[in-house]
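Now for the letters of each chain:
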Amino acid sequence: MISYIVSRLLATIPVMAIVALIVFSLLYLSPGDPAAVLAGEQATSEDIERLRVVLGLDQPFLTRFGQWSWAVLTGDLGTSVFSNRPVADLILQRMEPTIALTLLALALAVLIAVPLGVVAAWRSGGIVDRLAMGLAVLGFSLPVFVLSYLLILFFSVQLKIFPVQGYRPLADGLEPFLRHLALPAFALGIVYAALIARMTRASMLEVLNQDYVRTARAKGLSTVAVLVGHALKNAAVPIVTVIGIGFALLISGVVVTETVFNIPGVGRLTVDAILRRDYPVIQGVILVFSGVYVLVNLLVDLSYALFDPRIRY
Amino acid sequence: MTAATDRTPAPGRIARVRALAVDHPTIAIGIAMLAVVVLAGALAPLLWTVDPQTISPANRLRKPNERFWFGADLIGRDVYSRTVFGARVSLLVGLGVAVAAIATGLVVGLLSGFVRWFDAVAMRVMDGLMAIPSILLAVALIALTGASLQNVIVAIAVSEVPRVARLVRSVVLSLKEQPFVEAAVAAGTPFHLLLIRHVLPNTTAPLLVQGTYIFASAVLTEAILSFIGAGTPPAIPSWGNLIAEGRTVFQIAPHIVLFPGIALSWTVLAVNLLGDGLRDALDPRFVSRTR
């Protein structure tokens, strides 16, 4: 088991190295002069030259890549062109709201989608199944920001249950914290829930007509025990896999949700960086989010052994 | 008699299409819904009621009425006419991204399937690309190249290429093991004929399904990019831009956000339904599982 964990950890190193190479090369691969594009139309030629030096575009590719990779490895993600502060600090400061929002959306999505998918498969072709799968297609098609605005209109403006926008840290108390995060987490989690519900249903359908499920039923186990203890446990591997792959949806969605709900997280930082043409910040955010994504999928790989004792490392 | 036979090569095909529509109603619904959007986009110059670029401060934030069907925006432009023109942008981006991603992915996938050293390099690059969240990759590319419709299409297509390439590669690898392909190779079939007769026909069905999903996700991604200020230039009335413009005033004038939002959701839903239907109809694995 430990040797497997180590080998999987080592396998993520080349992936992250290639991610870093791609992110770094973008500056060089893009046609035209990136310094001029980033400096904007009003920039003087001195502005462009200064930016060129800041971005390291005045040095040869390999020299610059070597310096940059070493800096990244030691936790230095560069300096913001706009505020002149270290990018790593800017991201760390904004991390708390983003982590809170993502985890809450993840929990909501799993809690809604898995039971829904199980029931849909158990009564496949029935009303719950049709309704759930219809909602899943709708969930896929409703853009995060449209759903967010609909939720705000209904729950905040009409019913006044939740605040329209803003964020309260957990330190201010659990109730205001959850009240501010409820709508954004729900809006963010819905697409993810649609994906998980479909996979849960498909995976459960494959398992439900297996012999051991019939045996479990025949020996008089309750429906819940059969569905959860026998079927869901065996159907878990594809479900967990799609939870890992779909995590990318949360990362993309966070940028939009934080903008709509005015949450001061990493997503909002990204949007501000776009408006200020602050490329080092954009670069740093990509690197951090890609790293998180690779890590999440590593955890998913390792979790297989929990669900399926036949998988031994 | 001859007139009848002249017209009858079709019945077989029509009957088959009709059977497909009956077996997979989602295909028919998806096509019908999509047709509305395509017509709106194609006939936009005839359908608009108020010139979409005309600014009239007197009408700013006007609620929907008989002159401004979907109301007016922050500077008094007609939301209905702008939404109708927005269909063109979304369809163009969806189609552009699907074609670009499939063409590039097809070449990379074919090369990977047949050339071993290329495979080793290309698949590592594809792994790396897939680990980068697509929105962020597009944001970085657009920040570096400047906002234009063409750059938006390229930026979105880049992160869709790996999925196509992997799909094509897996088709090629499984085909190479098939007896009929081995027989064709043994019989000395030239490579280009092998490609045209045996490999490409087997990629069309999965690529068609994949293409619809790419289309849907590209339409969504373009809207998101415009919304966060990294997409189509603000002067172009794309749905994402319209929604972004209504963002600050959305509590007093929700119509600026809602109508383009409905158009966007409608389009994505149409393409998703079509894709789901096509997948069920074309994927033999799926059919055998459900029947």
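Residues numbered from 1 in each chain as written. Chains lettered and ligands numbered in written order. Predicted model: local features only at pLDDT ≥ 70, side-chain atom pairs only at ≥ 80, totals over all residues. Heavy atoms only, no water.

Caption draft 1: Geometry of the overall build of chain B. Scanning chain B for helices and strands turns up 13 helices and zero strands. For chain B, the N- to C-terminal ordering of α and β elements is α-α-α-α-α-α-α-α-α-α-α-α-α. Its C-alpha atoms put chain B at 75 × 60 × 35 Å along the principal axes. Within chain B, the fraction of its 291 residues that count as buried is 49%. Total accessible area on chain B stands at roughly 13500 Å², and carbon and sulfur atoms take up 69% of it. Computing the positive centroid from 23 side-chain charges and the negative centroid from 16, chain B places the two 0 Å apart. (Helix = DSSP H or I, 4+ residues; strand = E, 2+ residues; numbered from the N terminus. Buried < 20%, exposed > 50% of the residue type's maximum accessible area, 1.4 Å probe, protein only. Areas by Shrake-Rupley, 256 points an atom, 1.4 Å probe, with all protein chains shown as cover. Lys, Arg positive; Asp, Glu negative; His and termini not counted. Charge placed at Lys NZ, Arg CZ, Asp CG, Glu CD.)

Caption draft 2: The arrangement of the overall build of chain A in detail. A count of helical and extended segments in chain A gives 14 helices and zero strands. When the elements of chain A are put in sequence order from the N terminus, they spell out α-α-α-α-α-α-α-α-α-α-α-α-α-α. For the C-alpha atoms alone, the extent of chain A along its principal axes is close to 80 × 55 × 40 Å. A buried classification covers 48% of the 313 residues belonging to chain A. Counted over contacts in chain A with a minimum sequence separation of 6, partners at least 24 positions apart contribute 73%. Total accessible area computed for chain A in this model is approximately 15000 Å², and 67% of it derives from carbon and sulfur atoms. The average position of the 22 basic charges and that of the 19 acidic charges among the side chains of chain A differ by 14 Å. (Contact = heavy atoms within 4.5 Å.)

Caption draft 3: Up close: the confidence of the model for chain B. With 92% of its residues at a pLDDT of at least 70, chain B reaches an overall mean of 84. With a pTM of 0.87, the predicted complex shows an ipTM of 0.86. (pLDDT = per-residue confidence, 0-100.)

Caption draft 4: Structural view of the interface of chain A and chain B. Listed as interface residues are 47 residues of chain A and, on the opposing side, 43 residues of chain B. Summed over both partners, the interface of chain A with chain B buries about 3800 Å², with 79% contributed by carbon and sulfur atoms. The three residues of chain A that bury the most area against chain B are Ser141(A), Phe145(A) and Tyr149(A), which together make up 16% of that side's buried surface. Here chain A is connected to chain B by one salt bridge. (Buried area = accessible area lost by both parts, 1.4 Å probe. Salt bridge = Lys/Arg side-chain N within 4 Å of Asp/Glu carboxyl O.)

Caption draft 5: Representation of the domain arrangement of chain A in the model. Split by domain assignment, chain A resolves into domain 1 (2–83) and domain 2 (95–264). One C-alpha centre belongs to domain 1 of chain A, the other to domain 2 of chain A; they are set 36 Å apart. (Domains from an automatic or database assignment.)

Caption draft 6: Structural view of the side chain of His24(B). For His24(B), the position within the fold is in the loop between helix 2 (9–23) and helix 3 (25–42). Beyond its immediate stretch of four places on either side in the chain, His24(B) contacts Gly277(B), Asp280(B) and Ala281(B).

Caption draft 7: Just the packing of aromatic side chains, in detail. What the rule picks out here adds up to 13 aromatic pairs over all chains. Between the aromatic rings of Tyr149(A) and Phe227(B), the centroid separation amounts to 6.4 Å while the plane-to-plane angle is 80°, which identifies the pairing as edge-to-face. Note that Tyr149(A) is positioned in helix 8 (residues 144–158) and Phe227(B) in helix 10 (residues 191–227), a pairing that runs across two chains. We classify Tyr149(A) as buried; its relative accessible area is 2%. Residue Phe227(B) is classed as buried on the basis of its relative accessible area, which comes to 1%. Measuring from ring centre to ring centre gives 6.1 Å for Trp117(B) and Phe118(B), while their planes differ by 80°; the resulting arrangement is edge-to-face. You can call Trp117(B) exposed: its relative accessible area is 63%. By relative accessible area, Phe118(B) is classed as partly exposed at 21%. (Phe/Tyr/Trp six-rings, centres within 6.5 Å; stacked < 30°, edge-to-face > 60°.)

Caption draft 8: Highlighting the nonpolar core. If you look at the biggest cluster of nonpolar residues, it comprises 165 residues, and the most contacted ones within it are Phe145(A), Ile196(A) and Ile228(B). Residue contributions to this core peak at 15 residues, all from helix 10 of chain B. (Core = buried A, V, L, I, M, F, W, Y, C linked by side-chain atoms within 4.5 Å.)

Caption draft 9: Fine view of helix 11 (residues 223–245) of chain A. With 23 residues, helix 11 of chain A should reach 33 Å at 1.5 Å per residue; the first-to-last C-alpha distance of 30 Å fits that figure. A bend of about 50° at Leu232(A) is the largest found in helix 11 of chain A. (Expected span 1.5 Å × (residues − 1). Bend = angle between axes of the 7 residues up to and from the residue.)

Caption draft 10: Representation of the packing of helix 13 (residues 266–275) of chain A against helix 14 (residues 279–307) of chain A. Residues and elements named next belong to chain A. Two elements in contact, helix 13 and helix 14, have axes separated by 9 Å at closest approach and are oriented at 150°. Considered as vectors, helix 13 and helix 14 are oriented roughly antiparallel to each other. The way helix 13 lies across helix 14 gives a crossing that is left-handed. On helix 14, the residues that touch Val-266, Leu-269, Thr-270, Ala-273 and Ile-274 of helix 13 are Val-281, Ile-282, Val-285 and Phe-289. Broken down by class, the residue content of the contact of helix 13 with helix 14 amounts to eight nonpolar, one polar and no charged. (Axes fitted to C-alpha atoms, helices over the stretch in contact; angles between N-to-C directions. Parallel < 35°, antiparallel > 145°, perpendicular 65-115°, else oblique. Left-handed = near helix turned anticlockwise from the far one by under 90°. Nonpolar A, V, L, I, M, F, W, Y, C, P; charged D, E, K, R; others polar.)

Caption draft 11: How the structure looks around unusual backbone geometry. Residue and element names in this part refer to chain A. The backbone phi angle of Lys-160 is positive, close to 55°, even though this residue is not glycine. Counting through the fold element by element, Lys-160 comes out in the loop between helix 8 and helix 9 (174–208). The class of Lys-160 is exposed, set by a relative accessible area of 63%.

Caption draft 12: Fine view of the pattern of salt bridges. In the structure shown here, the tally under the stated rule is 16 salt bridges over all chains. The partner of Arg50(A) in a salt bridge is Asp47(A), with the nearest N and O atoms 3.1 Å apart. Here Arg50(A) pairs with Asp47(A), and both are found in helix 3 (residues 45–55), just three residues apart, close to one helical turn. The partner of Arg198(A) in a salt bridge is Asp276(B), with the nearest N and O atoms 3.1 Å apart. Remark: Asp276(B) occurs in helix 12 (residues 255–282) and Arg198(A) occurs in helix 9; the pair is interchain, linking two chains.

Caption draft 13: How the structure looks around the packing of helix 11 of chain A against helix 14 of chain A. Residue and element names in this part refer to chain A. The interhelical angle for the contact between helix 11 and helix 14, taken along N-to-C directions, is 175°, at an axis separation of 9 Å. Our classification of the angle between helix 11 and helix 14 gives roughly antiparallel. For the pair formed by helix 11 and helix 14, the contact residues are Lys-233, Ala-236, Val-237, Val-240, Thr-241, Gly-244 and Ile-245 on the first element and Tyr-293, Val-296, Asn-297, Val-300, Ser-303, Tyr-304, Leu-306 and Phe-307 on the second. Of the residues that constitute the contact of helix 11 with helix 14, the class distribution is 10 nonpolar, four polar and one charged.

Caption draft 14: How the structure looks around the environment of Val294(A). Its place among the elements puts Val294(A) in helix 14. Take Val294(A): its relative accessible area is 13%, and that puts it in the buried class. Along the sequence, Val294(A) and Ile245(A) sit 49 residues apart, while their C-alpha atoms lie 9.5 Å from each other. Ignoring sequence-local partners within four residues, the contact set of Val294(A) consists of Thr12(A), Val15(A), Met16(A) and Ala131(B).

Caption draft 15: Focus on helix 11 (residues 239–246) of chain B. Most of helix 11 of chain B is tucked away: six of the eight residues are buried. Burial in helix 11 of chain B covers these residues: Trp239(B), Gly240(B), Asn241(B), Leu242(B), Ile243(B) and Gly246(B). Looking at the buried positions of helix 11 of chain B, the neighbouring elements they touch are helix 8 of chain A together with helix 3, helix 5 (79–114), helix 10 and helix 12 of chain B.

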